[in-house]
Every structure is written in C-alpha cells, then in structure tokens.
Amino acid sequence: MENISMPADHTELRFTDQDGNRHEGHYSKVLKSFVDTEGGKDPEDINNIYQEYKIVDWEYLHKNKNPDSDIMVIL
C-alpha cells in the first residue's frame with residue numbers, strides 16, 4: 001500500500017490481507033497495523049494484528065452500513 005494514505009485511527013473498517021482473507025476491525029496508528037476485532041476477537045492477540053504491508057485493500061465500514069446517510073426521506 002505504498003503512497004496510499006492510511007485510514008483514520010481507530011475507526012471501523014473492513015480490510016483484506018495478502019492471502020485474500022477479509023477482516024473487520026480498525027486501524028491502529030500507533031502500531032501502524034490493522035486490527036481484526038470481528039466477532040469479539042482480542043485486539044491485543046498478535047494473531048489478530050496485521051501490519052500495513054500485509055494489507056492489499058481497506059474500506060470504512062460506516063460508508064457501507066448507511067450509504068445514503070445524507071438523503072432525507074419525507075413522508
């Protein structure tokens with residue numbers, strides 16, 4: 001992920017590792033790593049922490065959960 005800006009610190013996101021596995025969690029600016037917390041996984045377990053260079057793609061979750069958040073429906 002050279003020359004690509006990293007996500008905001010500790011915001012919810014979905015990311016894909018080099019093996020093509022999808023994870024949900026957050027980015028840790030201090031660790032310079034993505035942390036898988038999906039399903040209650042321990043964020044301090046080394047097996048749930050993926051360094052920046054091991055991630056091929058990421059996206060913020062809040063954009064997927066409510067893609068039309070700026071649209072107001074009037075009944």
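Look up a bit, the structure's there.
Predicted model only: the values in this text are computed from it and were never measured.

Conventions used here
Residues numbered from 1 in each chain as written. Predicted model: local features only at pLDDT ≥ 70, side-chain atom pairs only at ≥ 80, totals over all residues. Heavy atoms only, no water. Core = buried A, V, L, I, M, F, W, Y, C linked by side-chain atoms within 4.5 Å. Buried < 20%, exposed > 50% of the residue type's maximum accessible area, 1.4 Å probe, protein only. Helix = DSSP H or I, 4+ residues; strand = E, 2+ residues; numbered from the N terminus. Contact = heavy atoms within 4.5 Å. Phe/Tyr/Trp six-rings, centres within 6.5 Å; stacked < 30°, edge-to-face > 60°. Pairing = 2+ DSSP bridges. Axes fitted to C-alpha atoms, helices over the stretch in contact; angles between N-to-C directions.

J.: Please clarify how the nonpolar core should be interpreted in this entry.
T.: One broad rule of soluble globular proteins: the nonpolar side chains tend to lie buried together. In this structure, Leu13, Phe15, Tyr27, Phe34, Tyr50, Ile55, Trp58 and Tyr60 together form the largest nonpolar core, which totals 8 residues. For this core, the leading source of residues is strand E5 (residues 55-60), giving 3 residues.

J.: Could you clarify how one ought to interpret the environment of proline 7 in this entry?
T.: Within the secondary structure layout, proline 7 lies in the segment before strand E1 (12-17). Leaving out residues up to four positions away in the same chain, proline 7 has contacts with Leu13, Tyr27, Phe34, Trp58 and Tyr60.

J.: Please explain the packing of aromatic side chains as it appears in this structure.
T.: Enumeration over the complete set of coordinates arrives at 4 aromatic pairs. Following the ring pairs from residue to residue traces out a cluster consisting of Phe15, Tyr27, Phe34 and Tyr50.

J.: Looking at this model, I keep getting lost on the sheet that holds E1. Mind explaining?
T.: Across a sheet, strands are paired by hydrogen bonds formed along the backbone, either parallel or antiparallel in direction. Taken in spatial order, the 5 strands line up as E4-E3-E2-E1-E5 in an open sheet, and their pairing is antiparallel. Lying at the two open borders of the sheet, with one neighbouring strand each, are strand E4 (49-51) and E5. Strand after strand, the sheet turns through a mean of 40° between neighbouring axes, direction not considered.

J.: Got a minute to help me understand the pairing of strand E2 (residues 22-28) in this structure?
T.: Along any regular strand the residues' side chains alternate between the sheet's two faces. Counting buried positions along E2 gives 5 out of 7 residues, so the element sits mostly inside the fold. The pairing of E1 with E2 spans 5 bridges and is classified as antiparallel. Counterpart to leucine 13 in the pairing with E2 is glycine 25. The hairpin turn running from E1 into E2, its antiparallel successor, is 4 residues long, and glycine 20 in that turn takes a positive phi close to 85°.

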